Amino acid sequence: GLSHKTATVEVREKLAVQEHNWQSVGRAIAALPSLKEAAVLSTCNRFEIYFVTNDVHAGIREVTEYLSTTRGVSMKELRSSLFMLSEDDAVWHALRVAGGLDSLVIGEGQILSQMKRCYEIATEKQGAAGKVLTRMLNTAVSAGKRVRSETGIARGGVSISSAAVELVEKNCLQDLDLDMDQLDICILGAGKMARLLVQHLLPRNVKSITIVNRSQQGADNLASMFPDANIKTALMDSMLEMVGTSHVTFACTGAMEPILYQENLEGAMQRGAMLVDISVPRNIDDVGANKVEGVKAYNVDDLKAVVAANQARRQRL
């Protein structure tokens, strides 16, 4: 696999697999000559394949070649980014991942639910997990639950979403010459990460929040979770208008390629803005966006400094 520790966001997004495709990719990998079982876990900060084989070297070679061919990544680039673990090391790694010990944000809770989905998807009738992976993934999920219930690892913890809000809080005066309570916020997407963004923005008394989503129902459902907040909603066909009139835009949609880039931003931006992308694959072409006058774009890897400061603070507690 690979993670935020071994690969840049540019590499991670090439291998990213949306959850609804985890099962089909797992089946394709399990069908390789040396493999017997397989399961896929793909998040914004990691891409991992758990597999069972009688020949570790052949299995690793076949999986690496499969990834190179299907994802258009050179073998050289893959080898420099991938980590390869077997037997006890692989099991311990799965336990650490489920426990939140290997996350960018130590102790974050989202990875446990993602590992649980990995287990559920791989063990369904059409899944590619057999007896070995079923037992290992189930053990990993159980270990993740115990870690959170029997230790204080999640105490004072942060999520990717809260780290993104902290990044804006830290940089808005420098980037925009504005404080948090002066900011008009736009959020692209209405899933769990968007909900967490709203949750962390409201206590900071931002001026306004607009949820932009493909479906009106999804945006309305998210807004209804915060009845005391004056949250506005809009559809994706008005995305550029909303982004162009907002001080800060957070992007967290399921898009597999950038939806904001230099060409469509240049005619849309009506004020200086921060664009914060917490998606993998990236929703924002940050390299191109940073060429637009008045725009400062950040991707998920830019959150590392915020996370490091948080972890240092937690260690002092």
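Attention here is on the structure that accompanies the text. Model, not experiment: these values are computed from the prediction.

What counts as what
Residues numbered from 1 in each chain as written. Predicted model: local features only at pLDDT ≥ 70, side-chain atom pairs only at ≥ 80, totals over all residues. Heavy atoms only, no water. Core = buried A, V, L, I, M, F, W, Y, C linked by side-chain atoms within 4.5 Å. Buried < 20%, exposed > 50% of the residue type's maximum accessible area, 1.4 Å probe, protein only. Helix = DSSP H or I, 4+ residues; strand = E, 2+ residues; numbered from the N terminus. Contact = heavy atoms within 4.5 Å. 1 Å grid on protein atoms, 1.4 Å probe; cavity = no way out; pocket = protein on both sides within 12 Å on 5 of 7 lines; lining within 4 Å. Points joined across faces, edges and corners; volume = space filled by probe spheres on them. Nonpolar A, V, L, I, M, F, W, Y, C, P; charged D, E, K, R; others polar.

Looking at the nonpolar core
The biggest cluster of nonpolar side chains holds 43 residues, and the ones touching the most others in it are Ile187 and Phe250. Going through the elements one at a time, α8 (160-176), β4 (184-188), α9 (192-201), β5 (208-213), α10 (216-224), β7 (248-251), β8 (273-277) and α14 (304-316) are the ones with two or more residues in this core. Per element, the largest residue contribution to this core is 8 residues, and it comes from α8. With near-sequence residues (within four places) excluded, isoleucine 187 lies in contact with Ala194, Leu197, Val198, Leu201, Ile209, Thr210, Ile211, Val212, Phe250 and Cys252.

Regarding the layout of surface pockets
As a volume, the largest pocket reaches approximately 1,000 Å³. Every residue lining the largest pocket is counted, 31 residues in all, and those nearest its centre are Gln18, Met193, Cys252, Thr253 and Gly254. A breakdown of the residues in the lining of the largest pocket according to their chemical character gives 15 nonpolar, 13 polar and 3 charged. Within this model, the second largest pocket holds a volume of roughly 590 Å³. Lining of the second largest pocket is provided by 25 residues; of these, Ile49, Phe51, Leu85, Ser86 and Ala90 occupy positions nearest its centre. Among the elements of the structure, β3 (46-53), α3 (56-71), α5 (87-98) and α7 (131-150) are those that each provide at least two residues to the lining of the second largest pocket. Broken down by element, the residue count for the lining of the second largest pocket peaks at 7 residues, all from β3. Partitioning the lining of the second largest pocket into residue classes produces 18 nonpolar, 5 polar and 2 charged.

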